Amino acid sequence: MIAIDNLQFGYGRHLLYDGFAARVEQPGIYGLFGRNGSGKSTLLKLICGLLTPWAGQLQVLGRNPRARAADLLASIYIVPEEFHLPNLTCAQLAATQGVFYPRFSHALLNEYLAELEVPATERFESMSLGQKKKAAIAFALATCTPLLLMDEPTNGLDIVGRTQFRKLLQRPEHAHRAVLISTHQAHDLESILSHIWFIDQGRLALSARMDELARWLHMGVAQDDDAARVQAGGALLYQERIGQQLAYVALRSNEPGAAVPTGSSVQLELLYKALSLNRDQVLQVLAPLRAAPAAREAA
């Protein structure tokens, strides 16, 4: 669905991406993480053809997105972090812009608006920022494009709105699309992500499925350093104080890649900090996950 090889891009004299490579070969919800300035928003714009790579190869659904072919644009939708909506109602927006997306569903739009509690007949000018964000999300989901790009979609949403957003993304009609979400709100999305990408120093430092990470890493809370080492069993990769307790990320003590214990999960906020503050050690431990899928299967 997306194939990126040896991508180079920057702004002015600043080289942002140098030798970036990535693949999206199957549907799923991909979380895109990285420090501020790592180029997450830029990558989404490159994928949908709003920016032109300096060098390298970038194909989306088998096409060059920068060519801006109508049939490809009808298969991609992007929700930027900052956006402008014309002073229309949701129904008017669907009538005027939904026609550009052959899979657009007015019935689904109405269902999503109802779930998000956004009035279909109210003009955007009179809506709050949160309501506008929900309306933009509802429209994006209703396009039913094979590829959906979202930049910080939960910014501006309250706690209930974030729960509603997660619920909508898990609906069965989205099972066959690839959704790339750039976010810093790791905790909001960790329960629904199928894959994560971590961008660092102009490259894709880590690309892994969530279930793979759960098999390799153990995350928990202990009373002190000694207790954390006993609980983890394997090497501690990251730790931080939370009040009187210690949160940690560790390599699992059992054989890496073995069946994950019941109830285990990946806490993305802890993993994000571990990757940001102890990058080299974490990536060294996860080196087998960074290999090409064919190489992992052969191993």
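Up top is the structure these notes are about.
Description of the structure in this document. (Residues numbered from 1 in each chain as written. Predicted model: local features only at pLDDT ≥ 70, side-chain atom pairs only at ≥ 80, totals over all residues. Heavy atoms only, no water.)

**Quick look at the overall build of the chain**
Here comes step 1: A count of helices and strands for the chain gives 13 helices and twelve strands.
Here comes step 2: Expressed as a percentage of the 299 residues in the chain, the buried residues total 49%.
Here comes step 3: A separation threshold of at least 6 residues defines the contact pool for the chain, and within that pool the share at least 24 residues apart is 65%.
Here comes step 4: In the form shown here, the chain has an accessible surface area of approximately 14200 Å², with 50% of it arising from carbon and sulfur atoms. (Helix = DSSP H or I, 4+ residues; strand = E, 2+ residues; numbered from the N terminus. Buried < 20%, exposed > 50% of the residue type's maximum accessible area, 1.4 Å probe, protein only. Contact = heavy atoms within 4.5 Å. Areas by Shrake-Rupley, 256 points an atom, 1.4 Å probe, with all protein chains shown as cover.)

**Here's the deal with the side chain of T154**
Here comes step 1: Topologically, T154 is positioned in the loop between β6 (147–151) and α6 (159–169).
Here comes step 2: Owing to a relative accessible area of 1%, T154 belongs among the buried residues under this scheme.
Here comes step 3: With sequence-adjacent residues up to four places away left out, T154 is seen in contact with R162, F165, T183, Q185, D188 and L189.

**Side note on the nonpolar core**
Here comes step 1: Of all hydrophobic cores here, the largest spans 65 residues; its most connected members are I196, L206, L213, L217, L268 and L271.
Here comes step 2: Here this core gets seven residues from one element, more than from any other, and that element is helix α5 (residues 129–142).
Here comes step 3: For L268, the contacting residues outside a window of four places in its chain are F33, A186, E190, L193, I196 and M210.
Here comes step 4: Within the second largest apolar cluster, 29 residues are counted, among which are L58, I76, L149 and I199. (Core = buried A, V, L, I, M, F, W, Y, C linked by side-chain atoms within 4.5 Å.)

**Re the layout of surface pockets**
Here comes step 1: Taken as a whole, the second largest pocket encloses approximately 250 Å³ of empty space.
Here comes step 2: In this structure, the second largest pocket is lined by C48, L50, R68, A70, L73, A74, I76, Y77, I78, F100 and Y101.
Here comes step 3: A class-by-class count of the residues in the lining of the second largest pocket yields ten nonpolar, no polar and one charged. (1 Å grid on protein atoms, 1.4 Å probe; cavity = no way out; pocket = protein on both sides within 12 Å on 5 of 7 lines; lining within 4 Å. Points joined across faces, edges and corners; volume = space filled by probe spheres on them. Nonpolar A, V, L, I, M, F, W, Y, C, P; charged D, E, K, R; others polar.)

In short, geometric facts, not functional conclusions.
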